[in-house]
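Chains, contacts and geometry: an overview
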Amino acid sequence: MPEQDEVDRIVEAWRHERPDLDFAPLHVLSRVGRLAKHLDRARREAFQASDLESWEFDVLSALRRAGDPYQLSPKTLLQQTLVSSGAMTNRIDRLLTRGLVERRTDPNDGRGILVTMTAEGRRAVDAAIERLVAAEDALLSDLDVDDRRQLSDLLRTLSLTLGG
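Reading the values: rules and limits
- Residues numbered from 1 in each chain as written.
- Predicted model: local features only at pLDDT ≥ 70, side-chain atom pairs only at ≥ 80, totals over all residues.
- Heavy atoms only, no water.
- Pairing = 2+ DSSP bridges.
- Helix = DSSP H or I, 4+ residues; strand = E, 2+ residues; numbered from the N terminus.
- Phe/Tyr/Trp six-rings, centres within 6.5 Å; stacked < 30°, edge-to-face > 60°.
- Buried < 20%, exposed > 50% of the residue type's maximum accessible area, 1.4 Å probe, protein only.
- Polar contact = N/O pair within 3.5 Å; in protein donor to acceptor, adjacent residues only side chain to side chain.
- Contact = heavy atoms within 4.5 Å.
- UniProt positions renumbered as here; feature names shortened; annotations may be inferred.
- Expected span 1.5 Å × (residues − 1).
- Salt bridge = Lys/Arg side-chain N within 4 Å of Asp/Glu carboxyl O.

Where an unreviewed UniProt entry is consulted, the chain appears under the name MarR family transcriptional regulator, with the organism given as Frigoribacterium faeni.

1. A few points about the pairing of strand β3 (residues 109-117)
Relative to β3, strand β1 (residues 71-72) runs antiparallel, the two sharing two bridges. What sits directly across from L72, in β3, is V115. In this structure, strand β2 (residues 101-106) lies alongside β3, joined through six bridges in antiparallel fashion. Directly across from D106, in β3, lies its bridge partner D109. As consecutive antiparallel partners, β2 and β3 are separated by two residues.

2. Let's talk about the packing of aromatic side chains
With the rule as written, the count across this model stands at two aromatic pairs. Centroid distance W14 to F23: 6.2 Å. Interplanar angle 25°. Geometry classified as stacked. You can call F23 buried: its relative accessible area is 8%. Their ring planes at 25° and their centres at 4.3 Å tell us that F47 and F57 sit as a pair that is stacked. Note that F47 is positioned in helix α2 (residues 24-49) and F57 in helix α3 (residues 54-65), a separation of 10 residues in sequence.

3. Section: the side chain of T81
Relative to the helices and strands, T81 resides in helix α4 (residues 74-81). The exposure class assigned to T81 is buried, which follows from its relative accessible area of 13%. At 2.7 Å, the side chain of T81 forms a polar contact with the backbone oxygen of L77. Beyond its immediate sequence surroundings of up to four residues, T81 is in contact with D58, V59 and M88.

4. Some words on the UniProt feature "domain: HTH marR-type" (unreviewed entry) in the chain
Per the UniProt record, "domain: HTH marR-type" (unreviewed entry) is found at residues 25-160. Across residues 25-160 one finds 70% helix and 12% strand; the C-alpha atoms that close the span lie 17 Å apart.

5. Focus on helix α5 (residues 85-97)
Over its 13 residues, α5 runs 18 Å from end to end, which matches the ideal 18 Å to within 8%, given 1.5 Å per residue. Where α5 is buried, its residues touch α3, α4, β2 and β3. Following α5 by one or two positions, G99 has its phi on the positive side, about 75°.

6. Regarding the pattern of salt bridges
Applying the stated criterion to the full structure yields 18 salt bridges. Across the pair R31 and D8 runs a salt bridge, and its minimum N-O distance is 2.8 Å. Of this pair, R31 sits in helix α2 while D8 is found in helix α1 (residues 6-17), placing the two residues 23 residues apart along the sequence. According to the relative accessible area criterion, R31 is partly exposed, its value standing at 24%. Ionic pairing is found between R98 and E56, a salt bridge with its closest N-O pair at 2.8 Å. Note that R98 is positioned in the loop between α5 and β2 and E56 in helix α3, a separation of 42 residues in sequence. Relative accessible area serves as the criterion here: at 3%, E56 is assigned to the buried category. One network of salt bridges, in which partners are shared, links D5, D8 and R31.

7. Examining unusual backbone geometry
Residue P69 is bonded to the preceding D68 through a cis peptide linkage, with omega at 20°. Note that P69 resides in the loop between α3 and β1. Phi at Y70 takes a positive value of approximately 60°, unusual for a residue other than glycine. Following the sequence through the fold, Y70 ends up in the loop between α3 and β1.

Below you can see the structure in the form of structure tokens.
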């Protein structure tokens, strides 16, 4: 039997107190929740080392993934980052102040605006993604390639069943 972790101890205590319940979901989802905390910490550290907030990384990474010339409409940005239009306007303004993005008139629609990442924004997001990939790789270092693939497939299946 594998070594016991904190979730095993918690479930066993609950099983003792409430033997009428099936605690099988806790074995999976409590671990996912605990792992999410480790991931969140690793991400915060990677972004801080690149002088970015997580929301800044979200916006800049959407622009970076869009490819050259690294620009998107505010509407596309809010769809990709799942924030309100007011929040996106605030985020764009703050990124503008930091010199990480620029606002440009859409050449295909004179009334439209495009948010374009600056060279400084690209340097920041590239440094952050390099740090993030290294940090996440370290979190998975005890799993071999096949275990990582299997875990990824299982989590994808769960994600799809939950709508996302």
